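Structural description and commentary
Single-letter residue listing:
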Amino acid sequence: MKYLSFFDEIEKIIVYDDLMQFLGVNEDGIVDITYPDTVKFAGHSCATVAGAYLLAREGLKALYPNELPKRGYIKVELQKDPLEDNTGVVGSVISMITGATKDFGFGGIPTGKFNRRNLLFFNADIDSDVCFTRLDTNEKVYVNYRPKKIVNPMAILKSAIKPDATKEDIESFPIRFQEMVKTVFDNYEKVIEIKK
């Protein structure tokens, strides 16, 4: 799959997944998750997908400052309904990264270990976009994503679909749109807000 070169420049998310290790997928259970992985999973690259990746990456760094995040041992709460503002997309991406699911994930082995259900919640009563909670310590991190501080994705989209869009507007749209995504990543410290 060919994709834009800047995708490979984006910092990976590295997690420890003991289920992978237990099942023999790899010896150490360490998993690298890249932005290209996320794009393949989501089916596209946009400010929402980039934001979900950053919410997870920066949130997990804050939650696990001195060790690898433990996939499958993280509760994820999202403030909005999955049908509001593409929150379902955000939840799906974060689910892929953290292993947290509602009722559709792996239910665990017969002993109950490795259960990944009932760890993803929408319409949560929180004052942030997302809250990540460690199941082992109950520590929490609250994270917001504020892309409008630096980009306007809808304006770029509308420029290509408006009735009087020119040929140049339409042909330049993919380039301008992905440049916007790159701007989000280049300015992640401005668009991501973290509080404990």
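No experiment lies behind these values; they were computed from the predicted model shown.

With that out of the way, let us pick up the environment of Phe 114. With respect to the helices, strands and loops of the structure, Phe 114 is situated in the loop between helix H4 (87–98) and strand S4 (120–121). Sequence spacing of Phe 114 and Asp 18 is 96 residues, and the spatial spacing of their C-alpha atoms is 8.0 Å. Leaving out residues up to four positions away in the same chain, Phe 114 has contacts with Asp 18, Leu 19, Phe 22, Tyr 73, Phe 106, Gly 108 and Ile 109.

On to unusual backbone geometry. Positioned with a positive phi, Asp 85 is a non-glycine residue whose angle comes to about 50°. Its place among the elements puts Asp 85 in the loop between strand S3 (74–78) and H4. Residue Asp 85 is classed as exposed on the basis of its relative accessible area, which comes to 54%. One non-glycine residue, Phe 114, lies in the positive phi region at around 75°.

Between helix H5 (residues 153–161) and helix H6 (residues 167–186), the least distance of the axes is 8 Å, while the angle of their chain directions is 165°. In terms of axis orientation, H5 runs roughly antiparallel to H6. Crossing of H5 against H6: the hand is left-handed. Within the contact between the two elements, H5 uses Pro 153, Ile 156, Leu 157, Ser 159 and Ala 160 and H6 uses Asp 169, Ile 170, Phe 173, Arg 176, Phe 177 and Met 180. A breakdown of the residues in the contact of H5 with H6 according to their chemical character gives eight nonpolar, one polar and two charged.

What follows is about the environment of Lys 12. Assignment of secondary structure puts Lys 12 in the segment before strand S1 (13–16). Once the C-alpha coordinates of Lys 12 and Asp 32 are considered, the two residues, 20 residues apart in sequence, prove to be 6.4 Å apart. Sequence-distant contacts of Lys 12, defined by excluding residues within four places in its chain, comprise Asp 32, Ile 33, Thr 34, Tyr 53 and Arg 57.

Looking now at the layout of surface pockets. Rolled over the atoms, a probe with the dimensions of a water molecule shows which regions are left empty. For the largest pocket, the calculated volume is near 760 Å³. Lining the largest pocket are 25 residues, and of these Thr 48, Asp 85, Asn 86, Tyr 145 and Pro 147 lie nearest its centre. Mapped onto the lining of the largest pocket, the elements with two or more residues apiece are helix H3 (47–63), H4 and H5. Sort the elements by how many residues they give to the lining of the largest pocket and H3 lands first, with five residues. Residue composition of the lining of the largest pocket, by class: 14 nonpolar, six polar and five charged.

Procedures and definitions
- Residues numbered from 1 in each chain as written.
- Predicted model: local features only at pLDDT ≥ 70, side-chain atom pairs only at ≥ 80, totals over all residues.
- Heavy atoms only, no water.
- Helix = DSSP H or I, 4+ residues; strand = E, 2+ residues; numbered from the N terminus.
- Contact = heavy atoms within 4.5 Å.
- Buried < 20%, exposed > 50% of the residue type's maximum accessible area, 1.4 Å probe, protein only.
- Axes fitted to C-alpha atoms, helices over the stretch in contact; angles between N-to-C directions.
- Parallel < 35°, antiparallel > 145°, perpendicular 65-115°, else oblique.
- Left-handed = near helix turned anticlockwise from the far one by under 90°.
- Nonpolar A, V, L, I, M, F, W, Y, C, P; charged D, E, K, R; others polar.
- 1 Å grid on protein atoms, 1.4 Å probe; cavity = no way out; pocket = protein on both sides within 12 Å on 5 of 7 lines; lining within 4 Å.
- Points joined across faces, edges and corners; volume = space filled by probe spheres on them.

Scope: geometric values only; no functional claims are made or implied.
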